[in-house]
Amino acid sequence: KARQFPEGRDMAHQSDTASLLLLEELLVKGVAWVGFVCYLEWGLVNVAQSSSLVQSAAKGDNVRYFATVFNSLPSEILHAFKNTRWPSLTNRVLLLHALCTGWVGGWSCMISYLMLNPIRDTYLLGFICFAFEAGRFAVIDLEERSSGFMQAQVFIIAIGQFCATLVVKENFQPMTLFELIMTLSLPSLLFAIALGAKIDAIDRRFSEEPRSSTSRGRPGFPVEDGTSNLIEVKANDAGATC
């Protein structure tokens, strides 16, 4: 026989169930909106950067192009760029990179729409943006060659990709265990690597700050007057002398 609940207890049970369902629905919508914001922001940032890069490449201004991609180049490298005789087709290769940056940004804006109107392959389509950012992180951000704002993009796209998987899981069950593990672990792994690299960079910056504070420029690089600001550290009983 079916178990009978008193009327009051049955109503309370139904109320609790409805509350849990409402909370779950709000969480799913919240995840979708977080993913929407992440993909839209990442896409607009890349479209904006592409616009600047296309202009530089079209004009053959390679120095400005590299200064836009690498926001923290030492002055002597920029000086070397200015004195370099570039092959005639160099700007065409740079233009290709600029256009790829733009189209993947536009693609990301499309994925932001799919976060609110998902299809079964939303997370796979979003993986294109994720892979692009992973490559940029490995080539540029690991060496702290871009601005802090651009370095934040790897965290934003990792969160967006994570949310894309959760949205697909909630709307198109079932997902295989292998599929779920792979699609959740990859953005989590990139996020963890990027976070670890950032913490390490901050730690190195603070550990080098006392040594470099007395120098006239970045340690190990020539300053504008052509002299080197390399510093020598000699340890003695009293401490370190620069």
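Provided above is the structure to which this section pertains.
Residues numbered from 1 in each chain as written. Predicted model: local features only at pLDDT ≥ 70, side-chain atom pairs only at ≥ 80, totals over all residues. Heavy atoms only, no water.

S.K.: How would you sum up unusual backbone geometry? Please name residues and give values.
M.R.: The backbone of Glu 144 sits at a positive phi, close to 55 degrees, despite the residue not being glycine. Secondary-structure assignment places Glu 144 in the loop between α5 (122-139) and α6 (148-151). (Helix = DSSP H or I, 4+ residues; strand = E, 2+ residues; numbered from the N terminus.)

S.K.: Please provide a residue-by-residue account of the packing of aromatic side chains, values included.
M.R.: Scanning the entire structure with this criterion turns up 10 aromatic pairs. Considering the side-chain rings of Trp 33 and Phe 36, the 5.2 Å spacing of their centres and the 75 degrees angle between planes classify their relative orientation as edge-to-face. Taken as a pair, Trp 33 and Phe 36 lie in helix α1 (residues 7-59) at a separation of 3 residues, close to a single helical turn. Centroid distance Phe 66 to Phe 81: 4.8 Å. Interplanar angle 25 degrees. Geometry classified as stacked. Here Phe 66, found in helix α2 (residues 62-69), pairs with Phe 81, found in helix α3 (residues 75-82); they are 15 residues apart in sequence, far enough to count as distant. Through a chain of ring-to-ring contacts, three or more aromatic side chains come together here, namely Tyr 65, Phe 66, Phe 70, Phe 81 and Trp 86. (Phe/Tyr/Trp six-rings, centres within 6.5 Å; stacked < 30°, edge-to-face > 60°.)

S.K.: Quick one: what's the story with the layout of surface pockets, residue by residue and with numbers?
M.R.: Size it by volume and the second largest pocket reaches roughly 200 Å³. Along its surface, the second largest pocket is lined by 14 residues, and Val 69, His 97, Phe 132, Arg 136 and Ile 140 are the ones closest to its centre. Going through the elements one at a time, α1, α4 (90-116) and α5 are the ones with two or more residues in the lining of the second largest pocket. The dominant element in the lining of the second largest pocket, judged by the number of residues it contributes, is α5, at 4 residues. In the lining of the second largest pocket, the residues fall into 7 nonpolar, 5 polar and 2 charged. (1 Å grid on protein atoms, 1.4 Å probe; cavity = no way out; pocket = protein on both sides within 12 Å on 5 of 7 lines; lining within 4 Å. Points joined across faces, edges and corners; volume = space filled by probe spheres on them. Nonpolar A, V, L, I, M, F, W, Y, C, P; charged D, E, K, R; others polar.)

S.K.: Quick rundown of the environment of Ser 108? Include the residues and the values.
M.R.: Mapped onto the fold, Ser 108 is located in helix α4. With relative accessibility at 0%, the residue Ser 108 sits in the buried group. Sequence spacing of Ser 108 and Asn 46 is 62 residues, and the spatial spacing of their C-alpha atoms is 9.1 Å. Within polar-contact distance, the side chain of Ser 108 engages the backbone oxygen of Tyr 39 at 2.6 Å. (Buried < 20%, exposed > 50% of the residue type's maximum accessible area, 1.4 Å probe, protein only. Polar contact = N/O pair within 3.5 Å; in protein donor to acceptor, adjacent residues only side chain to side chain.)

S.K.: Go over the pattern of salt bridges, please, and point to the residues and values.
M.R.: Taken as a whole and assessed by the stated rule, the structure comprises 6 salt bridges. Arg 136 is the salt-bridge partner of Glu 133, the closest N and O atoms lying 2.5 Å from each other. Of this pair, Glu 133 and Arg 136 both sit in helix α5, 3 residues apart, which is roughly one turn of the helix. Residue class for Glu 133 comes out buried when judged on its relative accessible area of 0%. Residue Arg 136 is classed as buried on the basis of its relative accessible area of 12%. Residue Arg 205 is joined to Glu 144 by a salt bridge in which the shortest nitrogen-to-oxygen separation is 2.6 Å. Taken together, the residues span a long stretch of sequence, with Arg 205 in helix α8 (residues 177-212) and Glu 144 in the loop between α5 and α6 at a distance of 61 residues. For Arg 205, a relative accessible area of 42% gives the class partly exposed. Counted as one network, the salt bridges with shared partners bring together Glu 144, Lys 198 and Arg 205. (Salt bridge = Lys/Arg side-chain N within 4 Å of Asp/Glu carboxyl O.)

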